[in-house]
Each structure stands twice: as structure tokens, then as C-alpha cells.
Amino acid sequence: MTARRLKKHCRAIVRGVGLPQPFSVARLCRKLSAQRGRPLYLLPFPVLPTAGGPCGLWIATAESDYVFYEENTTKLHQEHIIVHEIAHMLCEHESPGLTEPSSFSAILPDLDPALVQRLLARTSYTNRQEEEAEMVASLILDHATRDAAASDTPDLTRLEQVLGTRPSDP
């Protein structure tokens, strides 16, 4: 797929979501949870990611979605990781070869492999799924930036709301 077609495809995915106004990752998660009819949990990695290992992870079980993010990084980077994992969810990506227990037991040793239906762990943007997820995440975060710029809320307060460091009105 050409870069132009990829961007057009990803824009359609983002339009289909109906991003919350004003935007925040927390609001996006609540909206997706309601749309999917299942809880969406955001959790820091239970262990430190290894060099070259994933900094984000999406696990879908029969009842819930779990997005893990690197704990030892900036809030802005955490938000980007979370939105990237949500983009995989929105794109309905699969990850061949990562559903074997040995593929994720090192990261989540206490998780029963029978519960996992979908496991996505990424470390680089070298394949189509990664390119698509990164494009969708970038478009969502671009929307958040434009939303913050168009708001009547003072810039610092609005930035804090977008980054989830200050509560926003429901």
C-alpha cells in the first residue's frame, strides 16, 4: 500500500471512531470500552521492558481488553504507547506467532494462556500493522493537539487535560 493510500485508510479508521471532544486518552478509553461492550484496562508493565522489547502491549481476552504501557517513561510517551496499542485494536490487527504461551510468558508469567485470544507486542515499526497503527495513533494525537489549540481553555490547563495530568469536565 502506498503512503498516500495508507494515510487515507487510517483517516477513515479515525473518523469511524468519533473521537471524544474535548479529547483525552481517558475519554477515548471509556468510549472504546462502551463501543466494544467490554472493559478496557490500562496497566503499567508488571516488569521492566528489556532493551529491544515491547514498550506497549495489547491483550484481548474473552471479556476484556488490557493495554500495558511502559511505566518508566514520560507521561507523554506513555500516552503515545497507549494510543498506539488502541490503534491496533481499532485496526483489528492480529499477530501471527505471538499466541503461543512461550511468546508472552516472559512478560506476563502469571497470565493463564487459555485466557488470551489476541496478543500484540511490538518493538519496531517495520511491518504493515505497525505502520498502520503508528499512523492511526499519530492522527489521533494530531486531533488532540488541534483540539487543544481550538479550545477556549488556557493552553497549560488544556495540555494537562489532554495528557491526563489534570481532571477534565465529564
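As a starting point, this report considers the structure included with it.

Reading the values: the criteria
Residues numbered from 1 in each chain as written. Predicted model: local features only at pLDDT ≥ 70, side-chain atom pairs only at ≥ 80, totals over all residues. Heavy atoms only, no water. Helix = DSSP H or I, 4+ residues; strand = E, 2+ residues; numbered from the N terminus. Buried < 20%, exposed > 50% of the residue type's maximum accessible area, 1.4 Å probe, protein only. Polar contact = N/O pair within 3.5 Å; in protein donor to acceptor, adjacent residues only side chain to side chain. Core = buried A, V, L, I, M, F, W, Y, C linked by side-chain atoms within 4.5 Å. Contact = heavy atoms within 4.5 Å. Phe/Tyr/Trp six-rings, centres within 6.5 Å; stacked < 30°, edge-to-face > 60°. Pairing = 2+ DSSP bridges.

## A word on the side chain of His 84
Inspection of the secondary structure assignment puts His 84 in helix H3 (residues 75–90). Look at His 84 and you get buried, because its relative accessible area is 4%. Separated by 3.0 Å, the side chains of His 84 and Glu 130 make a polar contact.

## Notes on the nonpolar core
The biggest cluster of nonpolar side chains holds 30 residues, and the ones touching the most others in it are Leu 19, Phe 23, Leu 28, Ile 86, Leu 90, Val 136 and Ile 140. Take this core: its biggest share by element is seven residues, from H3. Once residues within four sequence positions are removed from consideration, Leu 28 is found in contact with Val 17, Leu 19, Pro 20, Phe 23, Ile 86 and Ile 140.

## Quick word on the packing of aromatic side chains
Within this structure, the stated rule accounts for one aromatic pair. Ring geometry for Tyr 41 versus Tyr 66: centroids 5.3 Å apart, planes at 25°, classification stacked. One end of the pair, Tyr 41, is in strand E1 (residues 40–44); the other, Tyr 66, is in strand E3 (residues 65–69), and 25 residues separate them in sequence. The exposure class assigned to Tyr 41 is partly exposed, which follows from its relative accessible area of 38%. For Tyr 66, a relative accessible area of 25% gives the class partly exposed.

## Brief notes about the environment of Phe 23
For Phe 23, the location among the structural elements is in the loop between helix H1 (3–17) and helix H2 (25–36). For the pair Phe 23 and Thr 145, spaced 122 residues apart in sequence, the C-alpha to C-alpha distance is 8.8 Å.

## Examining the pairing of strand E2 (residues 56–61)
Side chains on a regular strand alternate between the two faces of the sheet. The element E2 is extensively covered by neighbouring structure, given that six of its six residues are classed as buried. Side chains Gly 56, Trp 58 and Ala 60 project from E2 onto one buried face, and the interleaved Leu 57, Ile 59 and Thr 61 project onto a second face that is buried too. Between E2 and E3, which pair antiparallel in sequence order, lie three residues.

Bear in mind that shape data such as this cannot, by itself, settle questions of function.
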